[in-house]
Amino acid sequence: MITATPRSYVLLIGVTMAVLALSSLLAFSHLKNVFAFDEDGYVKFIVSKPTLFLGKISFALYLIHQYISTEIIIPKLTEFGVNFWVASVFALSICIGIA
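None of these values were measured; they are calculated from a predicted model.

**Description of the nonpolar core**
Ranked by size, the top nonpolar core spans seven residues in total: Leu61, Ile68, Ile73, Ile74, Ala87, Ala91 and Cys95. Every element with two or more residues in this core is listed here: helix 2 (49-79) and helix 3 (84-98). Sorting elements by how many residues they give to this core places helix 2 first, with four residues. Ignoring sequence-local partners within four residues, the contact set of Ile73 consists of Ile68, Phe90, Ala91 and Ile94.

Now the structure itself:
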């Protein structure tokens, strides 16, 4: 039987963080290139009314969504027998409306 030591956990966490950092770096550098070399207008969908609206409310949505959805709306709806995913979509729409 193999037993894990605190040192092995630290090594595992370090390797995991390094892999995540490298993958994030690669993903964001690719996105930067997509936007930097967009001469044909392929990413114009980002500057649309829905995305601009979400950009305007993003901080307020960030502040309120977790408490309102996970502490109030979803538990109350699931108590009444509503499916979790239906309650989640409803909570999301309520949070966007409040934000």
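**Focus: a nonpolar patch on the surface**
Together, Tyr9, Leu12, Ile13 and Met17 make up an exposed nonpolar region whose accessible area comes to about 460 Å². You can see Met17 is positioned in helix 1 (residues 6-36).

**Focus on the packing of aromatic side chains**
What describes a pair of aromatic rings is the distance from one ring centre to the other and the angle between the planes of the rings. With the rule as written, the count across this model stands at two aromatic pairs. When the centroid spacing of 6.1 Å and the interplanar angle of 35 degrees are considered together, the rings of Phe59 and Tyr62 count as tilted. Taken as a pair, Phe59 and Tyr62 lie in helix 2 at a separation of three residues, close to a single helical turn. Across the pair, Tyr62 and Phe59 agree in class, each one exposed. Pairing Phe84 with Trp85 gives two aromatic rings, centres 5.1 Å apart and planes at 75 degrees, and the pair type is edge-to-face. Judged by its relative accessible area of 61%, Trp85 falls in the exposed class.

Rules used throughout
Residues numbered from 1 in each chain as written. Predicted model: local features only at pLDDT ≥ 70, side-chain atom pairs only at ≥ 80, totals over all residues. Heavy atoms only, no water. Core = buried A, V, L, I, M, F, W, Y, C linked by side-chain atoms within 4.5 Å. Buried < 20%, exposed > 50% of the residue type's maximum accessible area, 1.4 Å probe, protein only. Helix = DSSP H or I, 4+ residues; strand = E, 2+ residues; numbered from the N terminus. Contact = heavy atoms within 4.5 Å. Patch = residues over 30% accessible without salt bridge, like charges linked within 9 Å, V, L, I, M, F, W, Y side chains within 5 Å. Areas by Shrake-Rupley, 256 points an atom, 1.4 Å probe, with all protein chains shown as cover. Salt bridge = Lys/Arg side-chain N within 4 Å of Asp/Glu carboxyl O. Phe/Tyr/Trp six-rings, centres within 6.5 Å; stacked < 30°, edge-to-face > 60°.

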